[in-house]
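# Observations on the three-dimensional arrangement
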Amino acid sequence: MTGTTLSPDLRTSIGALDLANPVLVASGTFAYGREMARLYDLSILGGIVSKTITELPRAGNPPPRVCETAGGMLNAIGLPNPGVDVFLREALPELRQAGCPVIVNIAGETTEGYVRLAARVAREEGVAAVELNVSCPNVSYGLDFGTAPSRVEQVVRRVKEECPFPVIAKLSPNVTDVTEIARGVEQGGGDAVSLINTIRGMAIDPRKRKPVLGNVTGGLSGPAVKPVALAMVWKTSRSVRIPVVGIGGIMTGTDVVEFLLAGASAIQIGTGNFVDPWVAPRVISELREFCIQEGIGSVRSLIGELKA
Amino acid sequence: MPNSSSPSIVPVDEPARTLEQAAVAPGFFRLRLHAPRIAGNAVPGQFVQVRVTDDVEPFLRRPFSIGDADPSSGSIEILYHVVGKGSRRLSERKAGERILLLGPLGNGFRLPDSGTVLLVGGGVGMPPVYFAAKSIRGCRVCVIQGARCAERLLYRDELVSLGIPHRETTEDGSAGSKGLVTAALIETLSDFPPDETKETVEILACGPPAMLAAVADIARTHGVRCQVSVEERMACGFGICMGCAVQKRTSGTREYALVCVDGPVFDATQIALAHSP
Ligand SMILES: Cc1cc2nc3c(=O)[nH]c(=O)nc-3n(C[C@H](O)[C@H](O)[C@H](O)COP(=O)(O)OP(=O)(O)OC[C@H]3O[C@@H](n4cnc5c(N)ncnc54)[C@H](O)[C@@H]3O)c2cc1C
Ligand SMILES: Cc1cc2nc3c(=O)[nH]c(=O)nc-3n(C[C@H](O)[C@H](O)[C@H](O)COP(=O)(O)O)c2cc1C
Ligand code: FES
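Residues numbered from 1 in each chain as written. Chains lettered and ligands numbered in written order. Predicted model: local features only at pLDDT ≥ 70, side-chain atom pairs only at ≥ 80, totals over all residues. Heavy atoms only, no water.

Scanning chain A for helices and strands turns up 11 helices and 16 strands. The 308 residues of chain A split such that 61% are buried. Sequence-distant contacts in chain A: of pairs separated by 6 or more residues, those separated by 24 or more amount to 71%. Total accessible area computed for chain A in this model is approximately 11,600 Å², and 51% of it derives from carbon and sulfur atoms. Counting 30 positive and 30 negative side-chain charges, chain A places the centres of these two groups 5 Å from one another. (Helix = DSSP H or I, 4+ residues; strand = E, 2+ residues; numbered from the N terminus. Buried < 20%, exposed > 50% of the residue type's maximum accessible area, 1.4 Å probe, protein only. Contact = heavy atoms within 4.5 Å. Areas by Shrake-Rupley, 256 points an atom, 1.4 Å probe, with all protein chains shown as cover. Lys, Arg positive; Asp, Glu negative; His and termini not counted. Charge placed at Lys NZ, Arg CZ, Asp CG, Glu CD.)

Residues in contact with ligand 1 amount to 21 residues; listed here are only the nearest, Arg 62, Pro 63, Gly 86, Ser 87 and Arg 233 of chain B. Surrounding ligand 1 are residues belonging to chains A and B, so the site spans chains. His 81 of chain B places a polar main-chain atom, nitrogen or oxygen, 2.9 Å from an oxygen atom of ligand 1. Residue Arg 233 of chain B places a side-chain N or O atom 2.4 Å away from an oxygen atom belonging to ligand 1. In isolation ligand 1 exposes 830 Å². Once the protein is present, 87% of that is buried. Of all the secondary structure elements, the ones that give two or more residues to the shell around ligand 1 are strand 4 (62-65), strand 6 (75-81) and helix 2 (85-91) of chain B. With four residues, the top contributor of residues to the shell around ligand 1 is strand 4 of chain B. Across the shell around ligand 1, the residue classes tally to 10 nonpolar, five polar and six charged. Counting residues domain by domain, the shell around ligand 1 receives three or more from each of domain 1 (12-105) and domain 2 (116-267) of chain B. (Near = heavy atom within 4 Å. Polar contact = N/O pair within 3.5 Å; in protein donor to acceptor, adjacent residues only side chain to side chain. Nonpolar A, V, L, I, M, F, W, Y, C, P; charged D, E, K, R; others polar. Domains from an automatic or database assignment.)

A few words on the interface of chain B and chain A. If you look at the interface, chain B gives 33 residues, while chain A gives 37 residues. In total, about 2,700 Å² of surface goes out of reach between chain B and chain A, with carbon and sulfur atoms giving 65% of it. At the junction of chain B and chain A, the tally comes to two salt bridges. Residue Lys 85 of chain B pairs with Glu 68 of chain A through a salt bridge whose shortest N-O separation is 3.7 Å. Counting across the interface, chain B meets chain A through eight residue pairs in polar contact (both at pLDDT 80 or more). (Buried area = accessible area lost by both parts, 1.4 Å probe. Salt bridge = Lys/Arg side-chain N within 4 Å of Asp/Glu carboxyl O.)

Residue and element names in this part refer to chain B. Taken together, the seven strands give an open sheet; going across it, the order is 11-10-9-8-12-13-16, and neighbouring strands pair in mixed fashion. Looking at which strands have only one partner, the edges of the open sheet turn out to be strand 11 (177-178) and strand 16 (265-267). Pairing of strand 10 (residues 166-170) with strand 11, which is carried by two bridges, proceeds in the parallel orientation. The partner of Thr 170 across the bridge, within strand 11, is Lys 178. Helix-sheet contacts for helix 7 (residues 209-222) involve strand 8 (116-122), strand 12 (201-206) and strand 13 (225-229), and the interaxial angle to strand 12 is about 170°. (Pairing = 2+ DSSP bridges. Axes fitted to C-alpha atoms, helices over the stretch in contact; angles between N-to-C directions.)

Once that is clear, we can look at the environment of Pro 194 of chain B. Residues and elements named next belong to chain B. Its location among the elements puts Pro 194 in helix 6 (residues 194-200). Relative accessible area serves as the criterion here: at 68%, Pro 194 is assigned to the exposed category. For the pair Pro 194 and His 222, spaced 28 residues apart in the sequence, the C-alpha separation amounts to 7.8 Å.

This part covers the packing of aromatic side chains. A complete count under the given rule lists four aromatic pairs over all chains for this structure. Seen from their ring centres, Tyr 32 of chain A and Phe 87 of chain A are 5.4 Å apart, and the 55° between their planes marks the pair as tilted. A residue pair is termed long-range when its members are at least 10 positions apart, and Tyr 32 of chain A in the loop between strand 3 (23-25) and helix 2 (34-37) and Phe 87 of chain A in helix 3 (residues 84-95) qualify at 55 residues. As far as the burial class goes, Tyr 32 of chain A and Phe 87 of chain A line up, both buried. Each ring, one from Phe 64 of chain B and one from Tyr 80 of chain B, has its centre 5.5 Å from the other, and the planes form 55°; the classification is tilted. Residue Phe 64 of chain B is located in strand 4, and its partner Tyr 80 of chain B is located in strand 6; the two are separated by 16 residues in the primary sequence. You can call Phe 64 of chain B buried: its relative accessible area is 14%. Owing to a relative accessible area of 1%, Tyr 80 of chain B belongs among the buried residues under this scheme. Taken together, the aromatic side chains of Phe 29, Phe 64 and Tyr 80 of chain B make up a single cluster linked through ring pairs. The ring of Tyr 256 of chain B carries Arg 65 of chain A above its face, with NZ or CZ at 4.7 Å from the centroid. (Phe/Tyr/Trp six-rings, centres within 6.5 Å; stacked < 30°, edge-to-face > 60°. Lys NZ or Arg CZ within 6 Å of the ring centre and 35° of its normal.)

Another point: the domain arrangement of chain B. All names here are of chain B. The domains assigned to chain B are domain 1 (12-105) and domain 2 (116-267). Residue-level contacts link 24 residues of domain 1 with 21 residues of domain 2. Of the roughly 1,900 Å² buried between domain 1 and domain 2 on both sides combined, carbon and sulfur atoms contribute 65%. At the junction of domain 1 with domain 2, the criterion picks out two salt bridges. With a shortest N-O distance of 3.0 Å, Asp 68 and Lys 134 are connected by a salt bridge. For the pair domain 1 and domain 2, the number of links is five residue pairs in polar contact (both at pLDDT 80 or more). The biggest single contributor to the side of domain 1 that touches domain 2 is strand 6, with four residues. In terms of residue class, the side of domain 1 that touches domain 2 is built from 16 nonpolar, five polar and three charged.

Following this line, the structure appears as structure tokens:
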């Protein structure tokens with residue numbers, strides 16, 4: 001026992017995708033890795049999910065795009081990105097040098113849009129999985145897909161036909177019952193679900209009597225959303241057989257443990273990267289430390305082990 | 001793109017020791033910190049992302065311009081106005097405490113090495129202007145500074161003791177000429193023979209959005225080059241969140257630049273100057 005706990009096994013998987021550890025970084029909070037590669041060796045990460053790309057370039061929303069709220073922040077970035085052509089030509093080659101699995105996050109305006117994007121990405125070397133952003137609260141079409149189980153099922157099924165690698169659907173918390181959507185993903189043949197994307201929210205400047213964000217509403221993230229995310233991960237993991245990737249307010253190693261216990265097979269860190277650019281390496285070592293202290297040989301033994 | 005910082009300089013998260021925290025005017029504080037790695041690389045116009053507390057609240061870091069950096073003693077300073085909970089919390093930090101500073105960040109001013117430089121600072125936009133004024137070599141320099149009232153003329157005593165020529169304006173007339181800094185800028189520019197200004201004069205400015213917009217207009221009318229340092233709300237401060245968008249001055253399509261990595265210093269002709277962060 002002591003032998004294993006001295007170097008706990010951090011390996012996990014999202015379906016067929018094997019990961020060196022459960023700590024990934026979330027879409028839109030790591031750009032395409034270029035800025036971060038200057039700060040630390042990205043190969044230590046469980047994986048990188050790149051900023052959402054769309055078929056055509058998008059400028060994004062007018063400023064202000066971010067604002068702080070209690071224990072977190074609101075954003076209404078609006079998916080600015082150079083479009084899939086430029087992404088594949090200029091960002092992906094550098095990103096796959098990271099030395100860890102690269103998950104490409106995509107968003108289409110229609111089912112066919114998702115399918116065309118997935119087909120383009122599928123032709124590339126060095127992509128570990130795609131994550132379908134069917135849940136962005138800051139673009140007009142984003143939520144329509146993510147809120148109807150039948151549409152999610154259809155998108156996932158069609159994308160799956162194009163992809164030699166796992167397909168993960170990223171779910172919105174802004175729905176009546178997230179487990180219904182997750183079941184849609186499972187029925188469509190999706191390999192995993194990741195959740196949560198940001199929770200719709202708003203900030204108001206009382207003196208100007210105006211919304212703080214240029215887009216009026218935005219998405220809440222950071223420690224403030226962690227309890228919501230934990231509950232949704234827990235409910236979802238009990239409702240589907242496919243793996244769940246937990247996202248929401250993760251800043252520490254024990255946060256990761258909580259998500260694993262709730263049923264997540266892996267996690268993503270989002271907003272934490274802004275406050276502490278070195279949060280991911282720190283969280284990985286805190287997770288290792290936790291396992292050593294608690295005598296846990298493998299992080300897999302934590303997944304879904306909540307005593308409830 | 002104005003750029004006096006080297007892209008090879010990687011920002012560090014330095015646990016800086018607080019050397020001194022002093023009120024320089026009611027609500028305005030100067031904070032000196034021992035941060036040798038940042039001090040050694042900082043150029044005027046760059047900023048730091050300050051983790052004002054180790055607690056969760058306030059959550060995000062706050063951006064502040066580097067007001068001075070001394071590589072030999074390893075110290076930097078910021079000068080800030082208490083406007084909300086982050087800056088208030090920062091003002092409570094005491095000498096000897098450690099504060100995490102991420103920096104140096106962004107592109108600083110491209111400092112001219114000949115001709116005349118008019119440095120225009122409005123209100124709490126003075127720190128990068130002061131740092132630039134004392135760093136410029138080989139130029140005729142004049143700082144044109146404006147504030148609401150005399151006690152808010154930040155860095156005024158330092159400019160005087162360094163012998164840097166400067167003009168003051170206050171909105172209430174309590175020091176210098178009464179009125180806006182832009183009026184003093186126009187006056188100063190009128191002193192130059194018109195054919196001389198285009199070639200030899202350059203404006204470097206930092207201040208509130210309306211001031212920067214007016215300064216850019218004046219620069220355009222006089223055919224003078226102009227760099228402006230702008231602000232926008234930030235989450236990360238180093239290019240990964242896309243939060244700090246400022247609209248580019250483009251014809252047709254709407255495009256944005258990122259203040260934290262493409263700026264905060266921009267050529268005034270490149271961006272649309274209007275909205276306040
Ligand atoms: C590049 C840059 C350099 C700056 N340099 C200085 C400086 O040298 N001295 C100084 O006093 N101030 C400076 N500011 C403004 C300073 O960052 C804000 O005043 C400060 O963040 C306010 O935080 P708060 O919690 O006290 O206020 P709150 O209003 O409670 O802040 C809430 C949120 O709004 C953001 N925010 C509020 N006002 C601004 C603003 N004007 N610009 C950007 N974000 C804002 C905060 O960062 C925070 O996320 C600079 C801003 C930028 C972007
Ligand atoms: C500034 C910002 C930008 C984001 N951009 C995207 C995006 O492009 N695509 C996406 O699927 N999720 C995006 N997200 C959502 C995050 O990936 C994540 O799901 C959410 O923020 C919750 O995790 P956190 O609390 O750790 O940040 C963004 C979040 C933030 C804060
Ligand atoms: S503040 Fe995050 S990209 Fe500029």
